[in-house]
Amino acid sequence: MTGASIRQIATSLSGLVAVFIAAAIFTPGFYAEANLVLVAQQIGFIGVAALGQTFCLLVTGIDLSVGAVSGMTMVVLAVVSGGSNSRLW
């Protein structure tokens, strides 16, 4: 590894640490167990979309419809479920 790449990695990690510290300071309940479980569940949905978008970009394409399709899916699920979790799979 060159000095520039090590510096780039260190800068990225320091930014990540700064975000974690800011979350702890400005939102004291952020690291509560219930919130971390919720964040982990949300990462699953976003991660699948990001993985699909990554494959699209790797084959030199671009797909800007991911956000629109995700938003429409959430609206359809909200209407179908009527606010009741028992109607969801």
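Residues numbered from 1 in each chain as written. Predicted model: local features only at pLDDT ≥ 70, side-chain atom pairs only at ≥ 80, totals over all residues. Heavy atoms only, no water.

**Quick notes on the side chain of Q53**
Locating Q53 in the fold gives a position in helix α2 (residues 33–58). Residue Q53 is classed as buried on the basis of its relative accessible area, which comes to 19%. If sequence neighbours within four positions are ignored, Q53 has contacts with D63 and V66. (Helix = DSSP H or I, 4+ residues; strand = E, 2+ residues; numbered from the N terminus. Buried < 20%, exposed > 50% of the residue type's maximum accessible area, 1.4 Å probe, protein only. Contact = heavy atoms within 4.5 Å.)

**Observations regarding the confidence of the model for the chain**
For the chain, per-residue confidence averages 86 on the pLDDT scale, and residues scoring 70 or more make up 100% of the total. Per-element mean pLDDT across the chain ranges from 86 in helix α3 (residues 66–81) up to 91 in helix α1 (residues 3–26). (pLDDT = per-residue confidence, 0-100.)

**Side note on the packing of aromatic side chains**
Going through the model one piece at a time under the given rule, you end up with one aromatic pair. Ring geometry for F30 against Y31: centres 5.0 Å apart, planes inclined by 85°, an arrangement best described as edge-to-face. Y31 gets classed as partly exposed once you look at its relative accessible area, which sits at 38%. (Phe/Tyr/Trp six-rings, centres within 6.5 Å; stacked < 30°, edge-to-face > 60°.)

**Quick word on a nonpolar patch on the surface**
Together, M1, I6, I9, L13, L16, V19, F20, Y31 and L36 line one region of the surface with nonpolar side chains, adding up to about 890 Å² of accessible area. Per-element accounting of the nonpolar patch gives the leading share, six residues, to α1. (Patch = residues over 30% accessible without salt bridge, like charges linked within 9 Å, V, L, I, M, F, W, Y side chains within 5 Å. Areas by Shrake-Rupley, 256 points an atom, 1.4 Å probe, with all protein chains shown as cover. Salt bridge = Lys/Arg side-chain N within 4 Å of Asp/Glu carboxyl O.)

**Digging into the environment of T54**
As for its placement among the helices and strands, T54 is situated in helix α2. Classification of T54 as partly exposed rests on a relative accessible area of 40%. The spacing of T54 and N85 is 31 residues in sequence and 31 Å in space, taken between C-alpha atoms.

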